[in-house]
Amino acid sequence: MKLSVPGRVTGAAAMVVAALLTTSATADAAPARVAAAPDIPVAAVKAHLTQLQSIATANGGNRAHGRTGYKASLDYVKGKLDAAGFTTTIQQFTSSGSVGYNLIADWPGGDANQIVMAGSHLDSVTSGAGINDNGSGSAAVLETALAVSRAQYQPAKHLRFAWWGAEELGLVGSRYHVNNLSTANRAKISGYLNFDMIGSPNPGYFVYDDDPAIEKTFKDYFAGLGVATEIETEGDGRSDHAPFKSAGIPVGGLFTGASSTKSAAQAAKWGGTAGQSFDRCYHSSCDTTANINDTALDRNSDALAYAVWELSD
Ligand code: DTR
Ligand code: CA
Ligand code: ZN
Ligand code: ZN
């Protein structure tokens, strides 16, 4: 707030004005509030999962690297982003004799030397549609990107979103991407957020414990919901954050569990079924749209958006 002071002011009035100006100056110096992240409608995230399921059904039952269902999944995601004003790039690579594709989407604006990235692998295994693994992460990242567009959000930092190919073959797409970044371009990435399996049917709420600031951002969000979290210990090196971490880039992410078994203590705090896998359909043909816990998908999608807003301003 600026005060306009007409002409010269003397005496007591001058002291009042000075105080106001000081106050005003202090008020101007107050840290700007970070814009609040929007709620991500879980129905919109699930609509993307329905599309990915249909794509798998129409393409031999999967969305695996080298199969038609993967490229059809990529084209679906790209079409939504192009229509929303993103600058999209398809990065090709070869793995196991087949062409693979990464999709990168840049939101115009922000400091190009400070890039906040959010990503997920888009490929499934050959045995099924891969709706939790990893349609869930891919759909949540997509819907968060679309929320950025709807809000015409213009953060201080640059926003970049990514969908990786051939993660199931060994983090091939994400590793190809990082390996092809120059040292200078790696240094521009202030953080990479990874989302691989965030809607498991018997969910846990796990937060990656790699970068402390990113970890705290996610833990603060869940604390605000009153949802307990645990440190993700199963996945070191087991998803697409690993190549970024190896390159010295701060990483973090969320996970709801795979084939490990939920303990009685975990069931007591999170609900669900003790003694059962977090996802009994992990890498199986039953990983369909029926293999999703809506509450977990909703909470993790909202946490994703919260972190993107918090870390980019
Ligand atoms: N590698 C992932 C599944 C997975 C297993 N453990 C973790 C830990 C953190 C993220 C992902 C995972 C896959 O099969 O795609
Ligand atoms: Ca939501
Ligand atoms: Zn997998
Ligand atoms: Zn996965």
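Just above, that's the structure.
Report on the accompanying structure. (Residues numbered from 1 in each chain as written. Chains lettered and ligands numbered in written order. Predicted model: local features only at pLDDT ≥ 70, side-chain atom pairs only at ≥ 80, totals over all residues. Heavy atoms only, no water.)

### Brief notes about the state of the cysteines
Under the convention used in this document: We call a pair of cysteine sulfur atoms a disulfide whenever their separation is within 2.5 Å. The buried label goes to any residue with under 20% of its type's maximum accessible area, the exposed label to any with over 50%, and the partly exposed label to all in between, with areas taken from a 1.4 Å probe on protein chains only.
On inspection of all chains with the given rule, the structure shows 1 disulfide. Sulfur-sulfur distance for the disulfide between Cys281 and Cys286 comes to 2.1 Å. On the S-S bond that ties Cys281 to Cys286, the torsion sits near -115°, and the link is left-handed. We classify Cys281 as buried; its relative accessible area is 11%. Classification of Cys286 by relative accessible area gives partly exposed; the value is 33%.

### What about the site of ligand 1?
As a reminder of what qualifies: When we say a residue is near a molecule or strand, we mean one of its heavy atoms is within 4 Å of it. As used in this structure description, the phrase polar contact means that two N or O atoms lie within 3.5 Å; if the pair is within protein, one of them must be able to donate a hydrogen and the other to accept it, and residues adjacent in sequence are counted only when both atoms belong to side chains. Note on areas: these come from Shrake-Rupley sampling with a 1.4 Å probe, and a residue is covered only by the protein chains present in the view. Cavity: a set of points on a 1 Å grid over the protein atoms alone where a 1.4 Å probe fits but cannot get out. Pocket: an open set with protein on both sides within 12 Å along at least five of seven lines, its lining residues, like those of a cavity, having an atom within 4 Å of a point. The rule for placing a molecule in a cavity or pocket is simple: more than half of its atoms must lie within 2 Å of the grid points. Ten residues, namely Ala, Val, Leu, Ile, Met, Phe, Trp, Tyr, Cys and Pro, are considered nonpolar, four, namely Asp, Glu, Lys and Arg, are considered charged, and the remaining ones, Gly among them, are considered polar.
Residues in contact with ligand 1 amount to 15 residues; listed here are only the nearest, Asp133, Glu167, Arg238, Tyr282 and His283. A distance of 3.1 Å separates an oxygen atom of ligand 1 from a polar atom in the side chain of Asp133. A distance of 3.3 Å is found between an oxygen atom of ligand 1 and a side-chain nitrogen or oxygen belonging to Glu168. Contact with the protein chains removes 97% of the 360 Å² of surface that ligand 1 exposes when unbound. Of all the cavities here, the one that holds ligand 1 is the largest pocket. Broken down by class, the residue content of the shell around ligand 1 amounts to 4 nonpolar, 4 polar and 7 charged.

### Some points on the coordination of the calcium ion (ligand 2)
Put simply, the rule reads: For Na, K and Ca the donor cut-off is 3.2 Å; for every other metal, N, O and S atoms count as donors within 2.8 Å. Water does not enter the count, which can leave sites looking incomplete. Each helix corresponds to a stretch of at least 4 residues labelled H or I by DSSP, and each strand to a stretch of at least 2 residues labelled E; elements are numbered beginning at the N terminus.
Summarising the metal site, the calcium ion (ligand 2) is bound by the protein donors Asp39 (OD), Ile40 (O), Asp298 (OD), Asp302 (OD) and Asp302 (OD), whose distances to it range over 2.2 to 2.6 Å. All donors of the calcium ion (ligand 2) come from a single chain, and their spacing in sequence reads D-I-x257-D-x3-D. Here the residue Ile40 occupies a position in the loop between helix 1 (11-29) and helix 2 (42-58), and Asp302 occupies one in helix 10 (residues 294-312), the gap between them amounting to 262 residues. Like Ile40, the residue Asp302 is buried in the burial classification.

Shape descriptors only; they carry no functional weight alone.
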